[in-house]
Protein chains: 2
Amino acid sequence: MNETNEPTTRGRDGAASGLARERRRTPRGTPATDERSTPRPLYALVIEDVRPHVDLGRHAPKRVVGQTCEVSAAIFKDGHDLLAARVRYRAPGDAAWRVAPLTYLHDTDRWIGSFVLDRIGRWAFTVEAWTDRWGTWRSGLEKKLAAGQDVHVELLEGAELAEGAARRQRFGEARSRLQQAATRLRDTGLALADRARVALEPELTALVAAHYAPDDLTTYGVELPLQVDRERAAFASWYEFFPRSASPEPGRHGTFRDAEALLPRIADLGFDVVYLPPIHPIGHTFRKGRNNTLTPEPGDVGSPWAIGNEDGGHDAVAPELGTLDDFERFVRAARALGLEVALDYALQCSPDHPWVKTHPDWFTVRPDGSIQYAENPPKKYQDIYPINFWSEDRDALWAACRDVLLFWVERGVTTFRVDNPHTKPFAFWEWVIRDVQAAHPEVVFLSEAFTRPNKLLNLAKLGFTQSYTYFTWKNTAPQLREWLAEFSDPAVLEHYRGNLFTNTPDILHEFLVHGGRPAFRLRHLLAGTLSPLYGIYSGYELAENVPVRPGSEEYLDSEKYQLRPRDFSAPGNLDADLRRLNRIRREQPALQRADNLRFHGSDNDQVLFFAKGRHGLSGPPRGDDLLIAVNLDPHGPQETMVHVPVDELGLGHDREYVVEDLLTGVRYTWRGNRAYVRLDPAHEPGHVLRVVRE
Amino acid sequence: MNETNEPTTRGRDGAASGLARERRRTPRGTPATDERSTPRPLYALVIEDVRPHVDLGRHAPKRVVGQTCEVSAAIFKDGHDLLAARVRYRAPGDAAWRVAPLTYLHDTDRWIGSFVLDRIGRWAFTVEAWTDRWGTWRSGLEKKLAAGQDVHVELLEGAELAEGAARRQRFGEARSRLQQAATRLRDTGLALADRARVALEPELTALVAAHYAPDDLTTYGVELPLQVDRERAAFASWYEFFPRSASPEPGRHGTFRDAEALLPRIADLGFDVVYLPPIHPIGHTFRKGRNNTLTPEPGDVGSPWAIGNEDGGHDAVAPELGTLDDFERFVRAARALGLEVALDYALQCSPDHPWVKTHPDWFTVRPDGSIQYAENPPKKYQDIYPINFWSEDRDALWAACRDVLLFWVERGVTTFRVDNPHTKPFAFWEWVIRDVQAAHPEVVFLSEAFTRPNKLLNLAKLGFTQSYTYFTWKNTAPQLREWLAEFSDPAVLEHYRGNLFTNTPDILHEFLVHGGRPAFRLRHLLAGTLSPLYGIYSGYELAENVPVRPGSEEYLDSEKYQLRPRDFSAPGNLDADLRRLNRIRREQPALQRADNLRFHGSDNDQVLFFAKGRHGLSGPPRGDDLLIAVNLDPHGPQETMVHVPVDELGLGHDREYVVEDLLTGVRYTWRGNRAYVRLDPAHEPGHVLRVVRE
């Protein structure tokens, strides 16, 4: 029934061969025609613009378990008949569909209803509507009675409707009660007024409604999907670190045991997810040296993204890190601290990866017999072989890639950060995410696709739970406002969940280089308040900000190519900021959603001012309204008048109100829609103000 | 292949029976699955957001013949391969599809192309894309050569591509040239540089491109329709009048001969379409008397919308008007004057209509055996029987309704103004319009649906060429701006063409009642400048403005119920205004489009100020930029500073420019973005200023 806009791919022979052989597209049945052969769509009423949807059902909007899915539709018919409508929906694992009523809202001319999303996984719903014959008849009768008109024919019509409902019951009380009502409606021995009273009895209306089968039940032409995820899919704080740098002994390669010892601090800081770059054996051939040189020294550890050697590939643990048991123990230790483990899923192979020997046809072989390495001409990445997803053996290949994910899921991994998915076929991601989530709907996929918006957003649409964003390159107020105007658009938020990383092993933005520690503080504050999902890459808390060369976004002595042990207790660390903001995020529902971000005016572009409101699209407000001001200048104090949205907050234009800075506990009394703010990076990078209403 | 969101309607047995028996929906084929049975969509690249579309192909966007259809799409693939794309389109009547290239625009990250709409009717198009293997290879080769890298394997890859292209040719020069190129690319006897030069020869690239068959041709999942209409579908001035009032002899029922005599004046005034209320025999039973009384006098002519008596029904001419020959003569006379005739298509029957006797099952029979008359409880319209479009005999019924249209089309009628289509099934309109236009694509359908936007716009989507609008009720500047912000939205203009009638036999707005002649002038000016489609109902030019009672929108002595002969030469008539504006509309391309309306500021809300620009979405600008100011106050002069959009007009902020009032010929010199305007209804209701650029 689902009709979506999936494209078809055909091989050279034009038939459904080659790539497309697995797809057979059956043309939708055409209606019977009259002698002129114009297809005649027959529908009694129109159902259109059903929401929520992404591309009219081609992709699934995202929700979080426990939420209510608000459904709305435009439903109408010719004439004045009353309609009735319902949403038909199915939860994952249910064989049967359930229904919930839709009711008409005059103000918007739309029908609305809802159902509770009580479990994670892929749901489906559609909308049905029909003519409410009894309601139409009853309404007309009431109006005619009020106008003093003769209604004896109307009563006969009502009798027919009641009899029709009665006939559909095989037996029982309902049948006889409906029959009785019909008889009384017809009974010319009764006074007209008495017969009319029978007609208008609420019990009769309820009885008919309970047993009424529509004669023109019309279903929306599309079955719409819905992806319901768990809470942490939409609200979480991420911490990335390399286990191999975790050893307390200088020069020794860190192990999972060492990494375990770092977990209590990370949990104490209030993070939810620990994300590890690839933990698999690392290739030897063309191994990179420190600072990405092509001439490694003996002992250089190489890039974890050059996956695979004689010790195994994507389903193995690098022996230097420990055993598989050590990894599983690490995962249990994390879980005991309330942390989940995210692994890096980098679908590429070093030349030493086992698959290169066992499945050479999973790669691209060049005319000289060599295997194609990764490149973006004239750049070459000879330590990486890209996988050929369109191999002749792709059934086995795709299954093997999927099985890697399942392997780690079975060992306690709940989340995958996917490396550069935009360099692998989109069709593969669409399939593998659905396939894994069919059995494990709790698995979260984060897309690391720093690419143009079309691709970045399509990956979100086709199934990625979360997406890296352009945040690192948005540092001024205009940049932040413009970027978030686009990426907080309600239509985009239906399928996209941005995870604002402040830095990554690949990205040290010059704002941090030039801004130093105050810049790190303000960017962390921004990330954690602008978005329910954010992350840092370890070292951030120590304000590590030396690039490999001026103007480069690469770190000097990048941890991608060498061990980087750290003393997290070093003076000047940002732990207090991290702990404080993560606590506030957990306490404040307004920070746990993406749809409530509203920028407001600030007379000084160096001070960004925005609200995270407590009102949702439905239901009572939760928590506090928050007003957040951030000084975007790491070098010195900035002051401004901010424009407080007093109308939206219900605060009135001329009365005082109190705001409390959750960062410091300090309270301020403001009045009206302008407030003075001064922020000194020597003290705090911003205010996170809750509107005090108690 | 077309997959749209048409709803399904099922009968009580739940099967495709009853209403839905003509619709058989074949589920779309599912792709082959792996052992986990997750459907695996396979596509090499993504094609999405193809425009233009209305509801992703469910309905057809509207265009005008001679225009270029600009197509755009988001097309992308994983990795860095170069893509190629084309639009595949088919004109009505063509067996074969044609193609036109799409090219990539970096600024918008979209692919664009176009094709010329050289005939009217229903077109179809879709988008295809594929990997340009040769272009990708060639681009990589160039970069590697520029970087001084070894390219001998690359040359072998190029040879393989050339050989592949050669193999696909059966014979001929292309085959041998491609083979030769492949040989030379492989020839290790040649210097690398020479082989590279062969690779980069433009002729070789052209040869490969001409004979390249993609190995991953991917088609957008939807075949998108396009409705191309003739010019007057989108740009025309309408004049409505009742032929029965055309007699020069007082009291005599007018005939088509009399009506013919009115045509030269109408043509001279510059109108394009003459629209006649129903011309069919009028029912006797429950005939309405003057001013809609239920007690007619003998000789009362009744309402033309109560169609049918012993003289015939919808395919007959009321004998009082003349014969069918007289009607056809009238049509020819109109055509000779450059006018087309629009008839009123009112699908309802008086109790005396022939169908009531010959096809009683085409109506709704009540339990007492009587036929259901029109009603909206408690209001009754006993002179009208609504048709039961869901009759058991609906095949014959729908065919008969369609045949009425064809009957008049065959007698020279090109346009139908459809009475209250929102009281008849939408599915009927969707079918009958398509069916008639399949044989007669030139036929225009105007929807008279004064109803809520959802329904009004759905009728436009499903095929009505033009739609009556809310114009009569929009008299203040805020009302006009708000209404047109919604109804000039680009997405709405894809399917909706508003025809701004200033008045109708049913609607005399109190603005005209209280405003008198100056109000008539200003409202006509508004209608004819805001929209390429507008109309008046005769009597407007004589400023007829007496309602049946204060506050009513009905005319006193409404022509719906009695003859209304007029002396169009009476003093104070508006003919000069009508003639002048219709002439200007024909001379000014900017007034012939709906998509170029932009409101601009005016410091006085009584003066509405807007632009109709000369730049289209594509192609060179046509005609002049127009700036239009209208005094909305019929009672006295108003003055204001208007805000001229000098940037958009390319006029600069500090230099003088000249505007010429096309209404009076007077020129004004303005400077910068503010201009003084004073309008006195005693003289002119507004300015229609062209920006002088010569």
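A few points on the structure. Model, not experiment: these values are computed from the prediction.

**A look at the sheet that holds strand β27 (residues 656-661) of chain A**
Residues and elements named next belong to chain A.
- Strand order across the open sheet formed by six strands is β23-β24-β25-β30-β27-β28, with antiparallel pairing between neighbours. The open sheet has two free edges, formed respectively by β23 (597-599) and β28 (667-671), since each of these has just one partner strand. Averaged over all pairs of adjacent strands, the angle between strand axes in this sheet comes to 30 degrees, irrespective of strand direction.
- Sheet analysis places β23 next to strand β24 (residues 607-612), joined by three bridges and oriented antiparallel. Across the sheet, Arg 598 pairs through a bridge with Ala 611, a residue of β24.

**Focus: the pairing of strand β6 (residues 98-105) of chain A**
Residue and element names in this part refer to chain A.
- Two strands pair when backbone bridges link them, and strand β5 (residues 83-90) and β6 are joined in this way by five bridges, in the antiparallel orientation. Residue pairing for β6: Ala 85 is matched across the bridge by Leu 102.
- Relative to strand β7 (residues 110-116), β6 is paired through three bridges, and the arrangement is antiparallel. Within β7, the residue paired with Thr 103 across the bridge is Ile 112.
- The antiparallel pairing of β6 with β7 creates a hairpin that spans four residues between the two strands, and Asp 109 there sits at a positive phi of about 60 degrees.

**What about helix α16 (residues 575-587) of chain A?**
Residue and element names in this part refer to chain A.
- Over its 13 residues, α16 runs 18 Å from end to end, which matches the ideal 18 Å to within 8%, given 1.5 Å per residue.
- Considered for burial, the residues of α16 that qualify are Asp 575, Asp 577, Leu 578, Arg 580, Leu 581, Asn 582, Ile 584 and Arg 585.
- Residues of α16 that are buried make contact with β11 (236-240), α7 (256-268), α15 (510-530) and β22 (533-537).

**With respect to the sheet that holds strand β20 (residues 466-468) of chain A**
Residue and element names in this part refer to chain A.
- Overall, parallel pairing links the eight strands, which are arranged β11-β12-β13-β18-β19-β20-β21-β22 in a closed barrel. Direction aside, the axes of adjacent strands within the sheet are offset by 25 degrees on average.
- Bridging between strand β19 (residues 444-448) and β20 involves two bridges; their strand directions are parallel. Directly across from Ser 447, in β20, lies its bridge partner Ser 467.

**Considerations on the packing of helix α1 (residues 133-146) of chain A against helix α4 (residues 192-200) of chain A**
All names here are of chain A.
- Close contact between α1 and α4 brings their axes to 10 Å; oriented N to C, the two are set at 140 degrees. Between α1 and α4, the crossing angle belongs to the class labelled oblique. For α1 against α4, the interelement crossing comes out left-handed. Residues Trp 134, Trp 137, Arg 138, Leu 141, Glu 142 and Leu 145 of α1 touch α4, and the partners they reach there are Ala 196, Ala 199 and Leu 200.
- Tallied by class, the residues present in the contact of α1 with α4 amount to seven nonpolar, no polar and two charged.

Rules and cut-offs
Residues numbered from 1 in each chain as written. Chains lettered and ligands numbered in written order. Predicted model: local features only at pLDDT ≥ 70, side-chain atom pairs only at ≥ 80, totals over all residues. Heavy atoms only, no water. Pairing = 2+ DSSP bridges. Helix = DSSP H or I, 4+ residues; strand = E, 2+ residues; numbered from the N terminus. Axes fitted to C-alpha atoms, helices over the stretch in contact; angles between N-to-C directions. Expected span 1.5 Å × (residues − 1). Buried < 20%, exposed > 50% of the residue type's maximum accessible area, 1.4 Å probe, protein only. Contact = heavy atoms within 4.5 Å. Parallel < 35°, antiparallel > 145°, perpendicular 65-115°, else oblique. Left-handed = near helix turned anticlockwise from the far one by under 90°. Nonpolar A, V, L, I, M, F, W, Y, C, P; charged D, E, K, R; others polar.

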